[in-house]
Amino acid sequence: MSQPFDVAALAATYANKSPQDILKLAFEHFGDDLWISFSGAEDVVLVDMAWKLNKQVKVFSLDTGRLHPETYRFIDQVREQYNLPIEILSPDRAKLDPFVKEKGLFSFYKDGHGECCGIRKIEPLRRKLATVSAWATGQRRDQSPGTRSQVAALEIDSAFSTPERTLYKFNPLAQMTSEEVWGYIRMLELPYNSLHERGFISIGCEPCTRPVLPNQHEREGRWWWEESTQKECGLHAGNLITKA
């Protein structure tokens, strides 16, 4: 399939550009077909930047059914603040119910988080991304040295593209550090997940997320029972593919 632009060349050109410049590029090429992925943690920075460029920006969030109550409240805060109809993606009950019936609610502690994330996250996301041409995420290189250190400003999504359809993925916050993200949040007094006030940094599903201790990396609060270089749920599986 022919590409509307040279991805590698643009990724190199925009490697040191601002998040806003990367978002402008995304909107320039994809307009209303660009969707923002809002995870319910500090991705409010991405939403804020995108909304300031396009008040009609489209946003979706994954509801696994296992999120913290604070996360659900935060999603609604963002919805109200920006007057955005955030699209909530839920698991397919036809796949989820048999899984829970067979393995219960905490099988991931024994056999890894891959199967549960596959049903609760990957399948709903794949269903959504099959209908769009491009999406933007809040991934940052400093989030996970083991899997995200090479995150590019722009890439072809190797995990969700198909032979018939190329999916483009923008990571406008790739260069931002956690400190810069929180400086932005505080400066503009943006809403944030109240779990951050209790030592949570990287926030996912309730059973798979815990606070971290001083000097621990944020990713140590996710899937702590598993090997660190595999700490991706599959939403950004391309990070692991790239490393292989």
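Residues numbered from 1 in each chain as written. Predicted model: local features only at pLDDT ≥ 70, side-chain atom pairs only at ≥ 80, totals over all residues. Heavy atoms only, no water.

- Under the annotation held in an unreviewed UniProt entry, the chain carries the name Adenosine 5'-phosphosulfate reductase and is attributed to Pseudomonas oryzicola.
- Recorded under Sequence similarities (unreviewed entry), the UniProt text for the chain is reproduced unchanged: "Belongs to the PAPS reductase family. CysH subfamily." (UniProt positions renumbered as here; feature names shortened; annotations may be inferred.)

Some thoughts on the UniProt feature "binding site: [4Fe-4S] cluster" (unreviewed entry) in the chain
So, point 1. Those residues carrying the UniProt feature "binding site: [4Fe-4S] cluster" (unreviewed entry) are Cys116, Cys117, Cys205 and Cys208 in this numbering. In summary, the annotated positions, though distributed over 93 residues, converge in three dimensions, the widest C-alpha pair being only 11.0 Å.
So, point 2. Overall, Cys116 belongs to the buried group, its relative accessible area being 9%.
So, point 3. For Cys116, the contacting residues outside a window of four places in its chain are Phe99, Phe108 and Lys121.
So, point 4. Its location among the elements puts Cys208 in the loop between helix 8 (178-188) and helix 9 (238-243).
So, point 5. Residue class for Cys208 comes out buried when judged on its relative accessible area of 7%. (Buried < 20%, exposed > 50% of the residue type's maximum accessible area, 1.4 Å probe, protein only. Contact = heavy atoms within 4.5 Å. Helix = DSSP H or I, 4+ residues; strand = E, 2+ residues; numbered from the N terminus.)

A closer look at the state of the cysteines
So, point 1. Inspection of the entire model under this criterion finds zero disulfides.
So, point 2. Summary of cysteine pairing: Cys208 is not part of a disulfide, and the nearest cysteine sulfur, belonging to Cys205, is at 5.8 Å. (Disulfide = S-S within 2.5 Å.)

Remarks on the packing of aromatic side chains
So, point 1. Throughout the structure, instances matching the rule amount to 12 aromatic pairs.
So, point 2. For the pair Phe106 and Tyr109, a centre-to-centre distance of 6.1 Å together with 5 degrees between the ring planes defines the contact as stacked.
So, point 3. Residue class for Phe106 comes out partly exposed when judged on its relative accessible area of 43%.
So, point 4. An angle of 75 degrees between the planes, with centres 5.3 Å apart, marks the rings of Trp182 and Tyr192 as edge-to-face. Of the two residues, Trp182 is situated in helix 8 and Tyr192 in the loop between helix 8 and helix 9; the sequence distance between them amounts to 10 residues.
So, point 5. The class for Trp182 is buried, based on a relative accessible area of 14%.
So, point 6. With a relative accessible area of 30%, Tyr192 lands in the partly exposed category.
So, point 7. Put simply, the rings of Phe5, Phe30, Tyr168 and Phe170 touch in pairs and so form one group of aromatic residues.
So, point 8. Arg66 extends its terminal NZ or CZ atom over the ring of Phe106, reaching a point 5.0 Å from the ring centre. (Phe/Tyr/Trp six-rings, centres within 6.5 Å; stacked < 30°, edge-to-face > 60°. Lys NZ or Arg CZ within 6 Å of the ring centre and 35° of its normal.)

Comments concerning a nonpolar patch on the surface
So, point 1. Together, Leu105, Phe106 and Tyr109 make up a nonpolar patch on the protein surface, roughly 290 Å² of accessible area in all.
So, point 2. Under the relative-accessibility criterion, Tyr109 is labelled partly exposed at 38%. (Patch = residues over 30% accessible without salt bridge, like charges linked within 9 Å, V, L, I, M, F, W, Y side chains within 5 Å. Areas by Shrake-Rupley, 256 points an atom, 1.4 Å probe, with all protein chains shown as cover. Salt bridge = Lys/Arg side-chain N within 4 Å of Asp/Glu carboxyl O.)

What about the environment of Thr166?
So, point 1. The residue Thr166 is located in the loop between strand 5 (154-156) and strand 6 (168-170) in this model.
So, point 2. On a C-alpha basis, the gap between Thr166 and Ala134 in space is 8.8 Å, while along the polypeptide they are 32 residues apart.

Regarding the confidence of the model for the chain
So, point 1. Confidence in the prediction of the chain, expressed as mean pLDDT, is 89, and 89% of residues score 70 or more.
So, point 2. Between residues 239-244, whose pLDDT stays under 50, and residues either more than four places distant or in other chains, the model counts 12 contacts. (pLDDT = per-residue confidence, 0-100.)

Topic: the pattern of salt bridges
So, point 1. This model, assessed by the stated rule, comprises 11 salt bridges.
So, point 2. Note that Lys128 and Glu87 form a salt bridge whose closest N and O atoms lie 3.1 Å from each other. Taken as a pair, Lys128 in helix 7 (residues 114-129) and Glu87 in strand 3 (residues 87-89) lie far apart in primary sequence, 41 residues in all.
So, point 3. The class of Glu87 is partly exposed, set by a relative accessible area of 30%.
So, point 4. Across the pair Arg140 and Asp142 runs a salt bridge, and its minimum N-O distance is 2.9 Å.

What to know about the sheet that holds strand 3
So, point 1. The six strands lie next to each other as 3-2-1-4-6-5, forming an open sheet whose pairing is mixed. Because the sheet does not close on itself, it has two edges, and the strands there are strand 3 and strand 5. Strand-to-strand twist in this sheet, taken as the mean axis angle between neighbours without regard to direction, amounts to 30 degrees.
So, point 2. Pairing analysis gives three bridges linking strand 4 (residues 134-136) to strand 6, with the strands arranged parallel. Looking at the pairing, Ala134 lines up with Tyr168 of strand 6. (Pairing = 2+ DSSP bridges. Axes fitted to C-alpha atoms, helices over the stretch in contact; angles between N-to-C directions.)

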